[in-house]
Amino acid sequence: MGGVRIGVPLWPGSRRVGELLASAWRMGADYVEVSLDYPWMNGLRLEEEKALRRAVGEWGFRIGVHGPWRDVALASPIEEVWEASLRLFKEKVMRVASMLEADYINMHVSTEENVEDKPIRGAALARGVEAVRLLAEEAWSIGAELTVENVPRKLCSTVDDVAGILDSVPRARFCLDVAHALASYLWRSRDPSLIHEILDHWTAALGSRAYVLHVHDVRIKEGRIVEHLPLGSGLLSRSELEAVASRVRPAYVLLEVFKDAEGRRTDRVGGGIDVLRELFTHSS
């Protein structure tokens, strides 16, 4: 599986984009996932775009895109909210992704409605399926894959939710966020003893469909679940990563770390790229 690419995230809060990309390249990354949070869904600034094009042209970087998720509800059962979210992706996200020549566009299929109510969950999933179907066609038209990511809470926090969407839209691919899978379980139980079983459940059910893998650590701190931590600073052990690597053959593995070991926001490129390359290159 020598073709796997290992990447790092880039988001609008990042400073000195060119320096960050150079640092990532020196540490062994070969792609970047650009988060189109506000205001980047409207387009990057000229110097930011130039830095990305340099990384592509000089270092061979590839680019993935993470669609915006705050204030966006692609599974909302409220028609007006759903239509506005879909329009945002069609008119803005797809345009920026095309300009960046992104290999994939990752999305959360979400809603803040009460999906614990079974009829509401059904309505939300139907809306989500329709959004994914339409956006998968849009992505295909610009040469990109569309990936659906599992999330920590509410819709798409379960295997059944994600599998239902992927079964309904064969053209869509899966983004398995390992820590989100654990966080979804921890939200309900706060018991970390079954981590292996949770990851085994996700990878057995959907591992073969994973095109992108998001990796970061997670832990419970003062009663709160904290994610996007450096590898080795939380509950995700190397043995758990090895178990995931034995079952999942993604094309892209993102070291999605943007907090330090104490949970404070940082835009520094941390360690772990070499570990991921070792695991996901030699695990087949």
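Data block above holds the structure.
Reading the values: rules and limits
- Residues numbered from 1 in each chain as written.
- Predicted model: local features only at pLDDT ≥ 70, side-chain atom pairs only at ≥ 80, totals over all residues.
- Heavy atoms only, no water.
- Salt bridge = Lys/Arg side-chain N within 4 Å of Asp/Glu carboxyl O.
- Helix = DSSP H or I, 4+ residues; strand = E, 2+ residues; numbered from the N terminus.
- Axes fitted to C-alpha atoms, helices over the stretch in contact; angles between N-to-C directions.
- Parallel < 35°, antiparallel > 145°, perpendicular 65-115°, else oblique.
- Left-handed = near helix turned anticlockwise from the far one by under 90°.
- Contact = heavy atoms within 4.5 Å.
- Buried < 20%, exposed > 50% of the residue type's maximum accessible area, 1.4 Å probe, protein only.
- Phe/Tyr/Trp six-rings, centres within 6.5 Å; stacked < 30°, edge-to-face > 60°.
- Lys NZ or Arg CZ within 6 Å of the ring centre and 35° of its normal.

1. Here's the deal with the pattern of salt bridges
Thought 1: Taken as a whole and assessed by the stated rule, the structure comprises 19 salt bridges.
Thought 2: For R62, the salt bridge goes to D103, with nearest N and O atoms at 2.7 Å. Of this pair, R62 sits in strand β3 (residues 62-66) while D103 sits in the loop between α3 (79-99) and β4 (104-107), and the two are 41 residues apart along the sequence.
Thought 3: One connected set of salt bridges, linked through shared partners, spans R45, E47 and E48.

2. Things to note about the packing of helix α1 (residues 17-26) against helix α2 (residues 46-59)
Thought 1: Two elements in contact, α1 and α2, have axes separated by 8 Å at closest approach and are oriented at 25°. One finds that α1 runs roughly parallel with respect to α2. Judged by the sense of rotation from one axis to the other, the crossing of α1 with α2 is right-handed. The segment α1 lies against α2, with V17, G18, L21, A22 and W25 engaging E48, A51, L52, A55 and W59.

3. Some remarks on the environment of I195
Thought 1: Mapped onto the secondary structure, I195 falls in helix α7 (residues 195-206).
Thought 2: Owing to a relative accessible area of 7%, I195 belongs among the buried residues under this scheme.
Thought 3: When sequence neighbours within four positions are dropped, the list of residues in contact with I195 reads L182, L235 and E240.

4. Re the packing of aromatic side chains
Thought 1: Enumeration over the complete set of coordinates arrives at eight aromatic pairs.
Thought 2: Plain terms: the ring middles of F174 and W202 are 6.4 Å apart, the flat faces sit at 15° to each other, and that makes the pair stacked. In this pair, F174 is assigned in strand β6 (residues 173-177) and W202 in helix α7, connecting sequence segments 28 residues apart. Like F174, the residue W202 is buried in the burial classification.
Thought 3: Joined through ring pairs, the aromatic side chains of Y31, Y104, Y211 and Y252 make up one cluster.
Thought 4: For the cation-ring pair, R127 lies above W82, with the distance from its terminal atom to the ring centre recorded as 4.8 Å.
Thought 5: The lysine or arginine in question, R153, covers the ring of W187, its NZ or CZ lying 4.2 Å from the ring centre.

Note that every value here comes from positions in space, so none of it alone points to a role or purpose.
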